[in-house]
Amino acid sequence: MSALLDIEDLEVTFGRTAAVRGASLRVETGETHCLVGESGCGKSVTALAVMNLLARGGHRSAKRMSFAGTDLLSLPDRAMARIRGNRMSMIFQEPMTSLNPAFTVGSQMAEVLTRHKGASRAEALERSVELMGRVGITAPEMRLGQFPHQLSGGLRQRVMIAMALMCDPQLLVADEPTTALDVTVQAQILRLLASLKREFGLSILLITHDLGIVARVADRVSVMYAGEVVERAPTAQLFSAPQRPYTRGLLSCVPAPGKVRRDRPLGSIPGTVPTIPPGFAGCAFRSRCAHAIAICEHEIPRRPAGAAHDYLCRLMPRELAEPQPA
Amino acid sequence: MSAAIEVANLRREFRVRSGLLAPQRHVIAVDDVTFSVPAGGVLGIVGESGCGKSTLARLILGLLAPTSGTALVEGKRLFELDRKERARLIQPVFQDPFASLNPRRKVKDIVALPLDAQGTFSAAEIDRRVAQILERVGLSAEMGERMPAQLSGGQRQRAAIARALVLEPRIVICDEPTSALDVSVQAQILNLLADLRRDLGLTYIFISHNLAVVEHVASEVAVMYLGRIVERNETDALFREPRHPYTQALLASVLTPEPGRGVPDVGLGDAMPDPANIPPGCRFHPRCRIAVERCRVEPPLPMARGAEGMVECHLA
């Protein structure tokens, strides 16, 4: 496998606030890579930095940021605009706000193809109908003439996905694509993404805060905290042998159905995600960490913990066979 | 066990027009809902968006008038009480702590408001009670001096809980209390709610779409579909042996953090439920994978299941 998206040491700042601090991320061809973390940890900003869609005032820099061999950092805006929505496309959390309420579904979908591929309107509409069928929208011809508010949340998200696939992208960046949906619809949308990945050979960068989703769909996981990628591992390994105290804490916070002990409190992490002032050094989790000692205020090493698994912490890797705390 | 709240045959209709000249339609948001919660119990209410769970909460809180039906709290008829009396019995905690706290008031004033509104508490008594409850929910006195915008999501939800509890109500309606919070903070708030219930002898009605959370906090669970409770049972029984095909589909769609299991096929199809257009017969039959002819014509009646449970399905 080769890296489709390769980011090294990404820094994103908004004025004096550092939103992403030295994040490195590799999405391999054909994999679903999950970027997981709590709100404010920088996962959405990372995706927006890749797409070069940072809000005004945002500034990105990196050692390397390449997509299918193309250097994204030196790419002029117009060339980036040709890649975006074409070879690399993105879907967002709330499909109602990312669809234009004043235009029909059909005209919004067709525009992607007429803009990027110079297709005629008739060709573009034909492709729209085909893709709507592929993402499980019934009666696609009728939907073309409808406005976004006439569709349910699940249908809108399917339209967004179909729209993102119009130009056969290599990479789909999905930012919390099911967070606004019911659990039943969420399962349908995630199944759809998995089948599209197989069918189209798509690589997916899935951003989520939901560890249940991560466990079920990801091939590999990067855990973000306070702007850093703090642990990276293949999915099974992350869940069976999480290393960093933050990752371990996060996993203990999730109530596991069927293993519920109502007489016992859920695991929780004290405090909240800190805001990182400029010039911050050391481990950003130390104020919430039970293992924090004086050296955590200084540079902390990235330690390997098995094949393709590493993490940022002063602690040495734990035995893989060690049982998880209840 | 005595019931803290008994709700019987509760119903709420809305009349809606989808356009200026469109015909008026009836939406039955809550349809003949009956349940009771024992003192100290937690009734979890689950269902998809549009199933009527939040309307049910608003009816019980007195924010909406029911079309018909009754609710008894400690033997008093809830819908006949005045606002102040109702506020002493029953209080809400809502989903979004960013929207449910007045952004222009200090936290301690927000928490004091229910006491103020009663008009029977002295200023000193109000200060004393506010300080006490802030400490109980884990907010420092200094936090009380802040504005809501200066608090994190978890701290705001603690403030909302303090406001709900400052009048020492018997019942708290939690409507998606942790949905807007991060997982690590969600666990803190759930643990706090559990401690408060035990220490203060509270009764909760806990509305959530997150079944894992409901399983953790509820002693009994009611599953709503298009305005009706289609299954209700003691929590362990419901999760161990769901009877209604809809409950089974809901449980199947929970993504537990178990790698390698993939995403399940819940088998509900694409037909989304429309409360303005409730199907005849069993209201779930268009999405049900085991529906038979009878389901299309004859609405199922509630049938007892076990000591406490009930289910509305011809085939369960």
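Residues numbered from 1 in each chain as written. Chains lettered and ligands numbered in written order. Predicted model: local features only at pLDDT ≥ 70, side-chain atom pairs only at ≥ 80, totals over all residues.

## Focus: the overall build of chain B
Logical step 1: The helix and strand inventory of chain B stands at 11 helices and 12 strands.
Logical step 2: Computed over C-alpha atoms, the radius of gyration of chain B comes to 21 Å, within 12% of the 20 Å expected from 2.2 N^0.38 for 316 residues, which places it in the range of a compact globule.
Logical step 3: For the C-alpha atoms alone, the extent of chain B along its principal axes is close to 65 × 50 × 50 Å.
Logical step 4: When each of the 316 residues of chain B is scored for burial, the buried share is 49%.
Logical step 5: A separation of at least 24 residues holds for 65% of the contacts in chain B among residues at least 6 apart in sequence. (Helix = DSSP H or I, 4+ residues; strand = E, 2+ residues; numbered from the N terminus. Rg over C-alpha atoms; globule rule 2.2 N^0.38 Å. Buried ≥ 20, exposed ≤ 12 C-beta atoms within 10 Å, placed from the backbone. Contact = placed C-beta atoms within 7 Å.)

## Remarks on the overall build of chain A
Logical step 1: When helices and strands are counted, chain A shows 11 helices and 13 strands.
Logical step 2: Computed over the C-alpha atoms, the radius of gyration of chain A is 21 Å, within 12% of the 20 Å expected from 2.2 N^0.38 for a compact globule of 326 residues.
Logical step 3: Summarising its shape, the C-alpha atoms of chain A cover approximately 65 × 50 × 35 Å along the three principal directions.
Logical step 4: Residue burial in chain A is summarised as follows: out of 326 residues, 48% are buried.

## Looking at the interface of chain B and chain A
Logical step 1: Of the residues lining the interface, 40 residues belong to chain B; the matching set on chain A comes to 41 residues.
Logical step 2: Mapped by element, the contributors of at least two residues to the side of chain B that touches chain A are helix H7 (183–200), helix H8 (211–217) and helix H10 (245–252) of chain B.
Logical step 3: With nine residues, the single largest contributor to the side of chain B that touches chain A is H7 of chain B.
Logical step 4: Partitioning the side of chain B that touches chain A into residue classes produces 20 nonpolar, 13 polar and seven charged. (Nonpolar A, V, L, I, M, F, W, Y, C, P; charged D, E, K, R; others polar.)

## Points about the domain arrangement of chain A
Residue and element names in this part refer to chain A.
Logical step 1: If you check the domain split of chain A, you get domain 1 (1–87 + 169–326) and domain 2 (95–166).
Logical step 2: Contacts between the two partners involve 13 residues from domain 1 and, on the opposite side, 10 residues from domain 2.
Logical step 3: Sorting elements by how many residues they give to the side of domain 1 that touches domain 2 places helix H8 (residues 183–200) first, with six residues.
Logical step 4: Taken together, the residues that form the side of domain 1 that touches domain 2 break down as 10 nonpolar, three polar and no charged. (Domains from an automatic or database assignment.)

## Some thoughts on the sheet that holds strand S8 (residues 171–175) of chain A
Residues and elements named next belong to chain A.
Logical step 1: The mixed open sheet is built from eight strands, whose spatial order is S7-S8-S9-S3-S10-S11-S13-S12. The open sheet has two edge strands with one neighbour each: strand S7 (88–91) and strand S12 (302–304). Neighbour-to-neighbour, the strand axes of this sheet turn through a mean angle of 20°, independent of strand direction.
Logical step 2: Both S12 and strand S13 (residues 310–312) contribute to a ladder of three bridges, which runs antiparallel. Its bridge partner being in S13, Arg302 is matched across the sheet by Leu312.
Logical step 3: Here helix H1 (residues 43–51) sits on the sheet and contacts strand S3 (32–36), S7, S8, strand S9 (203–208) and strand S10 (220–225); the angle it forms with S8, its principal contact strand, is near 145°. (Pairing = 2+ DSSP bridges. Axes fitted to C-alpha atoms, helices over the stretch in contact; angles between N-to-C directions.)

## What about the packing of helix H6 (residues 153–165) of chain B against H7 of chain B?
Residues and elements named next belong to chain B.
Logical step 1: Where H6 contacts H7, the axes come no closer than 10 Å and their chain directions differ by 20°. As summarised for this structure, H6 and H7 are arranged roughly parallel, according to the angle between their axes. Viewed along their axes, H6 and H7 form a crossing whose handedness is right-handed. Each of Gly153, Gly154, Gln157, Arg158, Ile161 and Leu165 in H6 lies in contact with H7, whose residues at this interface are Val185, Gln188, Ile189, Leu192 and Leu196.
Logical step 2: Per-class residue counts for the contact of H6 with H7 are six nonpolar, four polar and one charged. (Parallel < 35°, antiparallel > 145°, perpendicular 65-115°, else oblique. Left-handed = near helix turned anticlockwise from the far one by under 90°.)

## Topic: the sheet that holds strand S4 (residues 68–73) of chain B
Residues and elements named next belong to chain B.
Logical step 1: With antiparallel pairing, the four strands of this open sheet are ordered in space as S2-S1-S4-S5. Taken across any chain shown, the strands that pair with only one partner, and hence form the sheet edges, are strand S2 (25–38) and strand S5 (76–77).
Logical step 2: Strand direction decides the pairing type here: strand S1 (residues 3–16) and S2, joined by 10 bridges, are antiparallel. If you follow Glu6 over to S2, its bridge partner there is Ser36.
Logical step 3: In this fold helix H1 (residues 53–60) packs onto S1, S2 and S4, with an angle of close to 65° to the strand it touches most, S2.

## Notes on H6 of chain B
Logical step 1: Relative to the 18 Å expected for 13 residues at 1.5 Å per residue, H6 of chain B spans 18 Å between its end C-alpha atoms, a close match to the ideal helical length.
Logical step 2: Taking burial as the measure, the 13 residues of H6 of chain B include 13 buried ones, the bulk of the element. (Expected span 1.5 Å × (residues − 1).)

## Details of the pairing of S4 of chain B
Residue and element names in this part refer to chain B.
Logical step 1: Examined bridge by bridge, S1 and S4 share five bridges and lie antiparallel to one another. Of the residues in S4, the one forming a bridge with Glu6 is Leu72.
Logical step 2: Relative to S5, S4 runs antiparallel, the two being bridged by two bridges. If you follow Val73 over to S5, its bridge partner there is Lys76.
Logical step 3: The antiparallel pairing of S4 with S5 creates a hairpin that spans two residues between the two strands, and Glu74 there sits at a positive phi of about 50°.

## Structural notes on the confidence of the model for chain A
Residues and elements named next belong to chain A.
Logical step 1: Overall, the predicted model of chain A reaches an average pLDDT of 88, with 95% of residues at or above 70.
Logical step 2: Looking across chain A, the model is least confident in helix H3 (residues 95–98), with a mean pLDDT of 78, and most confident in S3, with 96.
Logical step 3: Long-range and interchain partners of residues 319–326, a stretch whose pLDDT sits below 50, account for two contacts in this model, where long-range means more than four residues apart. (pLDDT = per-residue confidence, 0-100.)

## Comments concerning the environment of Thr256 of chain B
Logical step 1: Its location among the elements puts Thr256 of chain B in the loop between H10 and helix H11 (293–297).
Logical step 2: With 44 residues separating them in the primary sequence, Thr256 of chain B and Ala212 of chain B have C-alpha atoms 8.2 Å apart.

## Overview of the nonpolar core
Logical step 1: Counting residues in hydrophobic clusters, the biggest one holds 193 residues, and the most contacted among them are Leu205 of chain A together with Val111, Ala162, Ile205, Phe206 and Val223 of chain B.
Logical step 2: Counting residues per element, this core draws most heavily on H8 of chain A, which supplies eight residues.
Logical step 3: Every residue in contact with Val223 of chain B, bar those within four places of it in the chain, is listed here: Val46, Gly47, Ile229, Val230, Glu231, His244, Tyr246, Thr247 and Leu250 of chain B. (Core = buried A, V, L, I, M, F, W, Y, C linked by C-beta atoms within 7 Å.)

## Looking at the environment of Ala29 of chain B
Residues and elements named next belong to chain B.
Logical step 1: You can see Ala29 is positioned in strand S2.
Logical step 2: On the basis of neighbour count, Ala29 is assigned to the buried category, with 23 C-beta atoms found within 10 Å.
Logical step 3: Separated by 247 residues in sequence, Ala29 and Ala276 place their C-alpha atoms 8.6 Å apart.
Logical step 4: Setting aside anything within four residues of it in sequence, one finds Ala29 in contact with Arg12, Phe14, Gly52, Thr55, Gly227 and Pro275.

## Points about the pairing of S7 of chain A
All names here are of chain A.
Logical step 1: Of the two faces of S7, both are covered, the one formed by Met88 and Met90 as well as the one formed by Ser89 and Ile91.
Logical step 2: With four bridges joining them, S7 and S8 adopt parallel strand pairing. Residue Met90 lies in a different strand from S8, and its bridge partner there is Val173.

## Observations regarding the environment of Phe206 of chain B
Residues and elements named next belong to chain B.
Logical step 1: Within the secondary structure, Phe206 sits in strand S8 (residues 203–207).
Logical step 2: On the basis of neighbour counts, which here come to 27 C-beta atoms within 10 Å, the residue Phe206 falls in the buried class.
Logical step 3: Once the C-alpha coordinates of Phe206 and Val217 are considered, the two residues, 11 residues apart in sequence, prove to be 8.2 Å apart.
Logical step 4: Here Phe206 is in contact with Val42, Leu43, Gly44, Cys174, Val214, Val217 and Ala218, once residues within four sequence places are set aside.

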